[in-house]
Amino acid sequence: MNFYGRDFLRILDFSEDELRCFLDIAKKFKEMKREGRSHKYFPNKNIAILFEKTSTRTRCSFEVAGYDLGMGVTFLDPSGSQMGHKESIADTARVLARLYDGIEYRGFDQKIVDDLAKYAEVPVWNGLTDECHPTQALGDFLTIQEHFGELKGLTLAFVGDTRNNVANSLMAMSAKMGVNFIACGPAELRPSDEIVAACRPIAEKNGCTITITDDIAELESRADVIYTDVWLSLGEPQEKWGERIELLKSYQVNAEMMNKAKDSAIFLHCLPSFHDLNTSIARDVNKVFGISEMEVTNEVFESDKSLVFEQAENRMHTIKAVMFLTLYKKEEK
Ligand code: CP
Ligand code: NVA
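Note that this is a predicted model, so its numbers are computed, not measured. (Residues numbered from 1 in each chain as written. Chains lettered and ligands numbered in written order. Predicted model: local features only at pLDDT ≥ 70, side-chain atom pairs only at ≥ 80, totals over all residues. Heavy atoms only, no water.)

Draft legend 1. Quick look at the overall build of the protein. Helix and strand counts for the protein stand at twelve helices and nine strands. Since a compact globule built from 333 residues should have a radius of gyration of about 20 Å, the 19 Å found for the protein is in line with a globular shape. For the protein, the spread of C-alpha atoms along the three principal axes comes to 55 × 45 × 40 Å. Expressed as a percentage of its 333 residues, the buried residues of the protein come to 56%. In the protein, 75% of the contacts between residues at least 6 apart in sequence involve partners at least 24 apart. A total accessible area of about 14300 Å² is found for the protein, and carbon and sulfur atoms account for 49% of it. (Helix = DSSP H or I, 4+ residues; strand = E, 2+ residues; numbered from the N terminus. Rg over C-alpha atoms; globule rule 2.2 N^0.38 Å. Buried < 20%, exposed > 50% of the residue type's maximum accessible area, 1.4 Å probe, protein only. Contact = heavy atoms within 4.5 Å. Areas by Shrake-Rupley, 256 points an atom, 1.4 Å probe, with all protein chains shown as cover.)

Below, the structure is given as structure tokens:
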């Protein structure tokens with residue numbers, strides 16, 4: 001397997017063996033970190049991380065992983081750089097590739113990160129676009145693998161806005177890794193035909209299924225993992241809250257839904273999450289629509305079944321594996 005110099009733009013660009021390799025290396029890095037063993041492989045490298053949308057986990061994971069690998073890290077957002085408003089992404093890419101050894105990008109259209117990769121002669125890593133969130137799916141599958149020991153044959157149910165970026169990457173990752181995938185949400189928010197057509201043949205080849213349904217009963221005794229995400233993603237207009245709440249309120253992950261899944265089922269969420277009124281957005285929504293918990297109840301979020309903080313930690317270990325493998329040249333020490 002050769003990862004050196006490659007971009008990390010979407011899950012579908014990688015084979016099952018390659019994805020497994022990212023998970024294996026991430027596991028090793030996690031052990032090294034826990035044991036306090038230094039792994040500064042790249043003292044002479046620097047990376048730039050570009051964020052056109054806000055972030056806590058992804059930004060901090062790239063920064064900490066970068067420092068742990070011995071690299072210098074520069075954070076850029078539109079307010080502190082020329083990116084987007086005064087300089088095109090193509091020009092920004094070509095400038096940054098002269099200065100840095102790798103570039104992370106979080107933003108809107110997938111085409112932007114694809115163009116960045118086209119123009120930058122260094123690895124480009126996708127830190128979330130409107131279309132997908134591949135580093136999230138890697139971290140999630142490390143969490144699932146750690147918990148269940150084995151991935152093949154498990155069933156992951158993504159409940160809610162099943163056509164969003166996180167759902168798309170999880171469908172692709174499930175198909176690649178032999179995990180049955182259920183997208184459970186309203187017909188209006190079903191995954192695109194394009195993504196399903198891309199993933200289904202891969203799933204069939206790997207002996208797993210992709211189910212698209214609006215019926216919560218389909219989770220009955222089947223799901224090993226119940227996964228949800230916010231009902232309105234970054235970049236979507238706030239005016240859509242009313243429509244989304246109407247469409248999605250019956251897909252809230254609550255104790256009743258968790259009880260429908262297998263007894264051993266776990267709850268996952270990419271975070272951030274609206275499970276209480278401790279955020280300004282949740283309070284604003286509460287004032288207008290009267291709901292105090294959205295995609296998941298506080299009871300489920302805080303329950304023993306919830307592995308959301310393990311999942312958040314695993315973002316860092318898997319991002320480190322992605323950077324390491326795409327930057328590491330055999331002759332380098
Ligand atoms: N899950 C995730 O990507 O979180 P951030 O938006 O905080 O990076
Ligand atoms: N679907 C969410 C994921 C955040 C990590 C969003 O795009 O805002």
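Draft legend 2. Spatial organisation of the site of ligand 1. As a matter of local geometry, ligand 1 sits amid Ser55, Thr56, Arg57, Thr58, Arg106, His133, Gln136, Cys270, Leu271 and Arg315. In the model, an oxygen atom of ligand 1 is placed 2.8 Å from a nitrogen or oxygen of the Arg57 side chain. If ligand 1 stood free it would expose 260 Å²; the protein chains cover 94% of that surface. Residue composition of the shell around ligand 1, by class: two nonpolar, five polar and three charged. (Near = heavy atom within 4 Å. Polar contact = N/O pair within 3.5 Å; in protein donor to acceptor, adjacent residues only side chain to side chain. Nonpolar A, V, L, I, M, F, W, Y, C, P; charged D, E, K, R; others polar.)

Draft legend 3. Region of the structure containing the site of ligand 2. With respect to spatial proximity, the complete set of residues near ligand 2 consists of Leu128, His133, Asn164, Asn165, Val166, Asp229, Val230, Ser233, Leu234 and Leu271. Within the side chain of Asp229, one N or O atom sits 2.6 Å away from a nitrogen atom of ligand 2. Here a nitrogen atom of ligand 2 and a side-chain polar atom of Ser233 are 2.7 Å apart. Considering ligand 2 on its own, with 270 Å² of exposed area, one finds that the protein chains cover 94% of that surface.

Draft legend 4. The arrangement of the nonpolar core in detail. In this structure, Phe22, Phe141, Leu156, Leu170, Met173 and Met323 are the most contacted members of the largest nonpolar core, which totals 63 residues. Grouped together as the second largest cluster of nonpolar side chains are 32 residues, Ala157, Leu219, Leu248 and Val296 included. (Core = buried A, V, L, I, M, F, W, Y, C linked by side-chain atoms within 4.5 Å.)

Draft legend 5. The sheet that holds strand 3 (residues 102-106), seen in detail. Spatially, the four strands line up as an open sheet ordered 2-1-3-4, and their pairing is parallel. At either end of the open sheet lies a strand with only one pairing partner, and these are strand 2 (72-76) and strand 4 (124-126). Averaged over all neighbouring strand pairs, the angle between strand axes comes to 20°, with direction disregarded. Strand direction decides the pairing type here: strand 1 (residues 46-51) and strand 2, joined by five bridges, are parallel. For Leu50, the partnering residue across the bridge sits in strand 2 and is Leu76. Against the sheet, helix 3 (residues 89-99) contacts strand 1, strand 2 and strand 3, and its axis sits at roughly 150° relative to strand 3. (Pairing = 2+ DSSP bridges. Axes fitted to C-alpha atoms, helices over the stretch in contact; angles between N-to-C directions.)

Draft legend 6. Here's a closer look at helix 4 (residues 110-119). Listed as buried for helix 4 are Gln110, Val113, Leu116 and Ala117. Projected down its long axis, helix 4 carries its buried residues within an arc of 125°, all on one side. Summarising the geometry of helix 4, the exposed residues directed more than 90 degrees from the buried face are Lys111 and Lys118. Of the surrounding elements, those touching the buried residues of helix 4 are strand 1, helix 3, strand 3 and strand 4. (Arc of directions from axis to C-beta.)

Draft legend 7. Representation of the sheet that holds strand 6 (residues 180-184) within the structure. Spatially, the five strands line up as an open sheet ordered 7-6-5-8-9, and their pairing is parallel. Only two strands of the sheet have a single partner each, and these edge strands are strand 7 (210-213) and strand 9 (266-269). Taken pair by pair, the neighbouring strands of this sheet meet at an average axis angle of 20°, ignoring direction. Bridge count between strand 6 and strand 7: four bridges; the pairing is parallel. When the bridges of strand 7 are listed, Ala183 appears paired with Ile212. In this fold helix 5 (residues 134-148) packs onto strand 5 (155-159), strand 8 (225-228) and strand 9, with an angle of close to 165° to the strand it touches most, strand 9. Along the sheet, helix 6 (residues 165-177) contacts strand 5, strand 6, strand 7 and strand 8; its crossing angle with strand 5, the most-contacted strand, is approximately 165°.

Draft legend 8. Inspection of the environment of Arg315 at higher detail. Within the secondary structure layout, Arg315 lies in helix 12 (residues 308-327). Residue Arg315 is classed as buried on the basis of its relative accessible area, which comes to 1%. C-alpha separation for the pair Arg315 and Ala97, spaced 218 residues apart in sequence, amounts to 25 Å. Among residues more than four places away in sequence, those in contact with Arg315 are Arg57, Thr58, Ser61, His133, Thr135 and Gln136.

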